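Survey of secondary and tertiary structure
These are the residues of each chain, in order.
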Amino acid sequence: MSFGETPLTLVGNLTDDPELKFTEGGAALAKFTIAVTPRSFDRTSNQWKDGTTAFYRCAAWRTLAEHIADSLKKGSRVVASGRMRQHDWTTDQGEKRSMLAVEVDDIGASVRFTTVTINAKRASQNGRADSDPWASTGAAGGATSSEEPPF
């Protein structure tokens, strides 16, 4: 993260299935919206009250974008971290416009109200999925089936 960026963490629900697109250069881009509703406890009524829902437009790139599109759907409760970005443009009519959006660096399913199953993939530097790093054997220090992990 660069100096002057606004970091944030969002906890909320996806309002629709993520939309996966590819740039002309082949980079994956996932666009989605996270709805965040604050809750507070009202001691006079002894009940939880919902506040005003805020809707955050979000974008994620490359492998993260593909994983989001494969893993998350409308209604998924997520915890996302990233940074706020401002986008400026001029309309065809010459009007200047701007909007704020979150560029997501990491996202995961929240397990506060549900359970999830993890289908782990570990990408190597060449972009292909590697096998389990704990299953390696040999002189490189990996564990064999009869040894404890080296930690």
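Anything mentioned here points back to the structure above.
This text gives an overview of the structure that appears in the document. Bear in mind that the values here come from a model prediction, so they are computed numbers and not experimental data.

Here is what the cut-offs are and how they apply
- Residues numbered from 1 in each chain as written.
- Predicted model: local features only at pLDDT ≥ 70, side-chain atom pairs only at ≥ 80, totals over all residues.
- Heavy atoms only, no water.
- Helix = DSSP H or I, 4+ residues; strand = E, 2+ residues; numbered from the N terminus.
- Contact = heavy atoms within 4.5 Å.
- Areas by Shrake-Rupley, 256 points an atom, 1.4 Å probe, with all protein chains shown as cover.
- Salt bridge = Lys/Arg side-chain N within 4 Å of Asp/Glu carboxyl O.
- Buried < 20%, exposed > 50% of the residue type's maximum accessible area, 1.4 Å probe, protein only.

1. Here's the deal with the overall build of the protein chain
From N to C terminus, the protein chain includes one helix and 10 strands. Order of helices (α) and strands (β) in the protein chain, N terminus to C terminus: β-β-β-β-β-β-α-β-β-β-β. Contacts in the protein chain between residues far apart in sequence, at least 24 positions, make up 54% of those at least 6 positions apart. Only carbon and sulfur atoms are counted for the fraction: they give 48% of the accessible area of the protein chain, which is about 11500 Å².

2. Overview of the pattern of salt bridges
For the structure on display, the rule yields eight salt bridges. The shortest N-O distance in the salt bridge between E5 and R83 comes to 3.7 Å. With E5 in the segment before strand 1 (6–14) and R83 in strand 7 (residues 77–90), this pair connects stretches of sequence that are 78 residues apart. R83 matches E5 in its accessibility class, with the two residues each being buried. Each of the salt bridges in this network shares a partner with another, and the network as a whole consists of E5, R83, R85, E103 and D105.

On their own, these measurements won't tell you what the molecule is for.
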